[in-house]
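# Architecture at a glance
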Amino acid sequence: MADVDADYWTMADIAEHLGIKLRSVHTYRTRGELPPEDTMIGRTPVWRPATITSWKRPGQGAGGGRPRKDTPET
């Protein structure tokens, strides 16, 4: 698990924290779904842990979406 007491997290730290692949974090950032970075260290974007822990990750909602095929529509 990424260190929540660290000053900043890299995209690798975010992936570790969320339990997803680094490529997924890159995709979130490219699509503008990841919160804007808090600062840059050199050419590396970094985020404060609180920025990520308070972020609502896409696809993690309360359901919805397409109905199951075996469920009749009302």
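Please refer to the structure higher up on the page.
All of the points below concern the structure found in this document. (Residues numbered from 1 in each chain as written. Predicted model: local features only at pLDDT ≥ 70, side-chain atom pairs only at ≥ 80, totals over all residues. Heavy atoms only, no water.)

Helices and strands together make up the secondary structure of the protein chain, namely 3 helices and 2 strands. When the helices and strands of the protein chain are listed from N to C terminus, the series reads α-α-β-β-α. By sequence separation, contacts in the protein chain at least 24 residues apart represent 46% of the contacts at least 6 residues apart. Looking at the protein chain as shown, the accessible area adds up to about 5,700 Å², and 48% of this sits on carbon and sulfur atoms. (Helix = DSSP H or I, 4+ residues; strand = E, 2+ residues; numbered from the N terminus. Contact = heavy atoms within 4.5 Å. Areas by Shrake-Rupley, 256 points an atom, 1.4 Å probe, with all protein chains shown as cover.)

Below, the discussion takes up the nonpolar core. Counting 12 residues, the largest nonpolar core consists of Ala-2, Trp-9, Met-11, Ile-14, Ala-15, Ile-20, Val-25, Tyr-28, Leu-34, Trp-47, Ile-52 and Trp-55. Elements represented by at least two residues in this core include exactly α1 (11-18) and α2 (22-30). When residues in this core are grouped by element, the largest group, 3 residues, is from α1. When near neighbours in sequence (up to four residues on either side) are disregarded, Ile-20 contacts Ala-15, Val-25, Tyr-28 and Arg-57. (Core = buried A, V, L, I, M, F, W, Y, C linked by side-chain atoms within 4.5 Å. Buried < 20%, exposed > 50% of the residue type's maximum accessible area, 1.4 Å probe, protein only.)

This brings us to the packing of α1 against α2. Put simply, α1 and α2 touch, their axes get as near as 8 Å, and they point 110 degrees apart. Comparing the axis directions of α1 and α2 gives the class roughly perpendicular. Between α1 and α2 lies a crossing whose hand is right-handed. Judged by residue contacts, Met-11, Ala-12, Ile-14 and Ala-15 of α1 engage Leu-22, Val-25, His-26 and Arg-29 from α2. For the contact of α1 with α2, a count of residues per class yields 6 nonpolar, 1 polar and 1 charged. (Axes fitted to C-alpha atoms, helices over the stretch in contact; angles between N-to-C directions. Parallel < 35°, antiparallel > 145°, perpendicular 65-115°, else oblique. Left-handed = near helix turned anticlockwise from the far one by under 90°. Nonpolar A, V, L, I, M, F, W, Y, C, P; charged D, E, K, R; others polar.)

If you check which residues of α1 are buried, you get Met-11, Ile-14 and Ala-15. Here the buried residues of α1 occupy an arc of 100 degrees about the axis, which is enough to place them on one side. Looking at the buried positions of α1, the neighbouring elements they touch are α2, β2 (44-46) and α3 (49-53). Directly beyond the C-terminal end of α1, a positive phi value near 70 degrees is found at Gly-19. (Arc of directions from axis to C-beta.)

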